[in-house]
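Secondary and tertiary structure notes
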Amino acid sequence: MKDVIATSTPLKVALLGCGVVGSQVARILITQADELRARIGRPLELVGIAVRDLAKDRPGIDRALLTTDGEELVQRADVDLVIELLGGIEPARSLILAAIGAGASVITANKALLASDGGSIYAAAAEQGVDVYYEAAVAGAIPIIRPLRESLVGDEVLAVKGIVNGTTNFILDKMHTAGESFPDVLAEAQALGYAEADPTADVEGHDAAAKAAILASLAFHSRVRLSDVDREGITGVTLADIEAAREMGCVIKLLADCSLSPDGSIAVGVHPTMVPLSHPLASIPGAYNAVFIESRYAGRLMFMGPGAGGSPTASAVLGDLVTAARNRVRGAIGPGESAYSARGITPSGEARSRYYVSLLVEDEPGVLAKVAACFAAHGVSLQAVRQDAGDGGAGDRARLGVRTHTARDADVRATLAELEQLPEVGPGITVMRVEGR
Ligand code: NDP
Ligand code: HSE
């Protein structure tokens, strides 16, 4: 009898935000109520939705649920689960902390907040004995947080590499396949709704950097913050870079790269990177995301799927909601933050990669030897050098494409600084990482 009463009592859900993702979450909560109830063992009841603008048209959403008072909503004593889909740092952080303080478990997709201040949220949740789930914060619909947090927790992750921003993958893919320039494809991405209204977070790599920080924290059981990520966007990538990559049998991807340095510190960066066509990440098309994991015992794993959009992202949010709700029903909580290894962060100059350097030089005897000597002076070993006519056939300039073996970033930077001083080298030296060892 006790069970019958308990299983019919709804778990109360508060939703913060009813935009691209929040509106889909609300609709699924309503339309799939019976299925969700069966999976959880108790019904879910949506008791309120915090928004900015009460007058906005929201098809399928009961206006009576809307409120502009998010604080009052999350502090209701009867709310069991709070879903934060506002985005940004404030008021999201304060509302999440208030929800936790009131005893609710939290589901969020807010990578910007978790990457900059996840520690205080995880600590508050641990103190209150509630859950924080955030599958949708990285790579949209792709299950990647739970695999790292739970499935691979008995393994030793060695590296996580990912295409974790759909907008930039769409742009780079279109530049490669259609030969369109960066500004043209960006306009297309905006028209298709992939890019943000202000696409800076996408194209300058901030969004991918936040996701990299979250992935690195989970993979290496350490707290990695947004400010730890060495970040470079794709605004400088030209069609000439795309062609150089193609000639080398590569495509350019904005790669989030989280790996362990030889001294055990965490190297974490986001950079446009030449990826050989033989690598699984090279074939990820359009706005898709993919995450590639290397672990000691499982070996190589790849996760791929839609990384953005209301419906795919809502799928990940609902997965977290069911998990947190099941925990409530059992009186249990899921895993908290695992940051016991407290590894340091590899300084950006100490990070190691292969590189491709392109430079315009005087086509005269001895120039190649001078260029090679600059690399050698800084301990950068050359893997391959290619020379082409560099200025449309005038004959006195040549384009050198230099591929290095794995080198320290600081050594490559020092080499470039010296190359710039050579009178035989023209302005506009470009450099890009090359994936692989
Ligand atoms: P939107 O901008 O579409 O929606 C934000 C919602 O939050 C709106 O309903 C808005 O209200 C409400 N809101 C914003 N500020 C306030 C405030 N101060 N008080 C009350 N309500 C507020 O964002 P998305 O749905 O795209 O993103 C939500 C979260 O999901 C973000 O953290 C984002 O990074 C993450 N995410 C998004 C993905 C996507 O594809 N869109 C993919 C993966 C993660 P109103 O409607 O009245 O303006
Ligand atoms: N703007 C992001 C992207 C949304 O393009 O991937 C998902 O975080």
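Residues numbered from 1 in each chain as written. Chains lettered and ligands numbered in written order. Predicted model: local features only at pLDDT ≥ 70, side-chain atom pairs only at ≥ 80, totals over all residues. Heavy atoms only, no water.

Some thoughts on the packing of aromatic side chains
The geometry of an aromatic ring pair is captured by two quantities: the separation of the ring centres and the angle between the planes. Within the structure shown, the criterion is met by 1 aromatic pair. Arranged with centres 5.8 Å apart and planes meeting at 35 degrees, the rings of Tyr-122 and Tyr-134 form a pair that is tilted. One end of the pair, Tyr-122, is in helix α6 (residues 111-128); the other, Tyr-134, is in the loop between β6 (132-133) and α7 (145-151), and 12 residues separate them in sequence. Across the pair, Tyr-134 and Tyr-122 agree in class, each one buried. Over the face of the ring belonging to Tyr-133 we find Arg-149, whose NZ or CZ atom lies 5.2 Å from the ring centre. (Phe/Tyr/Trp six-rings, centres within 6.5 Å; stacked < 30°, edge-to-face > 60°. Helix = DSSP H or I, 4+ residues; strand = E, 2+ residues; numbered from the N terminus. Buried < 20%, exposed > 50% of the residue type's maximum accessible area, 1.4 Å probe, protein only. Lys NZ or Arg CZ within 6 Å of the ring centre and 35° of its normal.)

A word on the sheet that holds strand β3 (residues 66-67)
Read from one edge to the other, the open sheet built from 6 strands follows the order β3-β2-β1-β4-β5-β6, with strand pairing classed as parallel. Taken across any chain shown, the strands that pair with only one partner, and hence form the sheet edges, are β3 and β6. Pairing analysis gives 6 bridges linking strand β1 (residues 11-16) to strand β2 (residues 44-50), with the strands arranged parallel. Within β2, the position partnered with Lys-12 by the bridge is Glu-45. (Pairing = 2+ DSSP bridges.)

Here we look at the domain arrangement of the protein chain
Annotation of the protein chain at the domain level lists domain 1 (11-138 + 311-330), domain 2 (145-308) and domain 3 (349-434). If you average the C-alpha positions of domain 2 and of domain 3, the two centres end up 26 Å apart. Between domain 2 and domain 3, the residue contacts involve 13 residues of the former and 9 residues of the latter. Between domain 2 and domain 3 lies a buried interface of about 1000 Å² when both sides are counted; carbon and sulfur atoms form 64% of it. Considering only the side of domain 2, the residues that lose the most area to domain 3 are Glu-247, Met-248 and Met-274, jointly responsible for 44% of the buried surface there. (Domains from an automatic or database assignment. Contact = heavy atoms within 4.5 Å. Buried area = accessible area lost by both parts, 1.4 Å probe.)

Focus on the packing of helix α3 (residues 33-40) against helix α13 (residues 310-330)
Each packed pair of helices is defined by two parameters, the angle between the axes and the distance between the axes. At their nearest, the axes of α3 and α13 sit 9 Å apart, and the two run at 45 degrees to each other. Taken together, the axes of α3 and α13 lie oblique to each other. α13 is crossed by α3, and the crossing has right-handed handedness. Side by side, α3 and α13 meet where Leu-36, Arg-39 and Ile-40 of the first sit next to Leu-318, Val-322, Ala-325, Arg-326 and Val-329 of the second. Of the residues contributing to the contact of α3 with α13, the split by class is 6 nonpolar, no polar and 2 charged. (Axes fitted to C-alpha atoms, helices over the stretch in contact; angles between N-to-C directions. Parallel < 35°, antiparallel > 145°, perpendicular 65-115°, else oblique. Left-handed = near helix turned anticlockwise from the far one by under 90°. Nonpolar A, V, L, I, M, F, W, Y, C, P; charged D, E, K, R; others polar.)

A closer look at unusual backbone geometry
It is generally the case that most residues other than glycine have a negative phi and that most peptide bonds are trans. Note that the residue after Glu-90, namely Pro-91, is joined by a cis bond; omega there is 10 degrees. Inspection of the secondary structure assignment puts Pro-91 in the loop between β4 (81-84) and α5 (92-101). Although it is not a glycine, His-221 adopts a positive phi angle of roughly 55 degrees. By the element assignment, His-221 lies in the loop between α11 (206-220) and β8 (230-231). Of note in the backbone geometry, Ala-342 takes a positive phi value of approximately 40 degrees without being a glycine.

Examining helix α15 (residues 409-421)
With 13 residues, α15 should reach 18 Å at 1.5 Å per residue; the first-to-last C-alpha distance of 19 Å fits that figure. Among all positions of α15, only Asp-409, Asp-411, Val-412, Thr-415, Leu-416 and Leu-419 are buried. Here the buried residues of α15 occupy an arc of 160 degrees about the axis, which is enough to place them on one side. Buried residues belonging to α15 abut β13 (352-362), α14 (367-377), β16 (407-408) and β17 (430-434). (Expected span 1.5 Å × (residues − 1). Arc of directions from axis to C-beta.)

Concerning the pairing of β13
Of all 11 residues that make up β13, 9 are buried, and the element is covered over most of its length. The sheet contact formed by β13 and β16 spans 2 bridges and is antiparallel. Looking at the pairing, Ser-353 lines up with Ala-407 of β16. Of the strand pairs in this sheet, β13 and strand β15 (residues 397-404) are connected by 7 bridges, and their pairing is antiparallel. Bridge pairing links Val-361 to Ala-398 in β15.

Remarks on the confidence of the model for the protein chain
The predicted coordinates of low-pLDDT regions are not to be read in fine detail. Averaged over every residue, the pLDDT of the protein chain is 95; the share at 70 or more is 97%. Within the model, the stretch residues 1-5 combines pLDDT values under 50 with 0 contacts to residues more than four positions away or in other chains. (pLDDT = per-residue confidence, 0-100.)

Details of the site of ligand 1
Taken together, 22 residues form the shell around ligand 1, and within it Cys-18, Asp-53, Lys-56, Arg-58 and Gly-309 come nearest. Contacts to ligand 1 include Gly-19, whose backbone N or O atom sits 3.1 Å from an oxygen atom. Between ligand 1 and the protein, one listed contact pairs an oxygen atom with a backbone N or O atom of Val-21 at 2.9 Å. Taking 910 Å² as the accessible area of ligand 1 by itself, protein coverage stands at 78%. Its residues assigned to classes, the shell around ligand 1 shows 11 nonpolar, 6 polar and 5 charged. (Near = heavy atom within 4 Å. Polar contact = N/O pair within 3.5 Å; in protein donor to acceptor, adjacent residues only side chain to side chain. Areas by Shrake-Rupley, 256 points an atom, 1.4 Å probe, with all protein chains shown as cover.)

Some points on the nonpolar core
Grouped together as the largest cluster of nonpolar side chains are 80 residues, with contacts concentrated most on Ile-144, Leu-148, Ile-171 and Met-274. Take this core: its biggest share by element is 11 residues, from α11. Those residues in contact with Met-274 that sit more than four places away from it in its chain are Asp-241, Ala-244, Ala-245, Met-248, Cys-250, Val-251, Ile-252, Tyr-356, Met-432, Arg-433, Val-434 and Glu-435. In terms of nonpolar packing, the next biggest core, distinct from the first, is built from 32 residues, Val-25, Leu-44, Ile-49 and Ile-107 among them. (Core = buried A, V, L, I, M, F, W, Y, C linked by side-chain atoms within 4.5 Å.)

Quick word on the side chain of Arg-354
Note on placement: Arg-354 falls in strand β13. Within the buried set, Arg-354 has no salt-bridge partner at all; the shortest N-O distance to an opposite charge, 7.6 Å, is to Glu-435. A polar contact is formed between the side chain of Arg-354 and the backbone oxygen of Gly-436, at a distance of 3.3 Å. Excluding residues within four positions of it along the chain, Arg-354 makes contact with Pro-276, Gln-383, Arg-403, Thr-404, His-405, Thr-406, Met-432, Arg-433, Val-434, Glu-435, Gly-436 and Arg-437. (Lys, Arg positive; Asp, Glu negative; His and termini not counted. Salt bridge = Lys/Arg side-chain N within 4 Å of Asp/Glu carboxyl O.)

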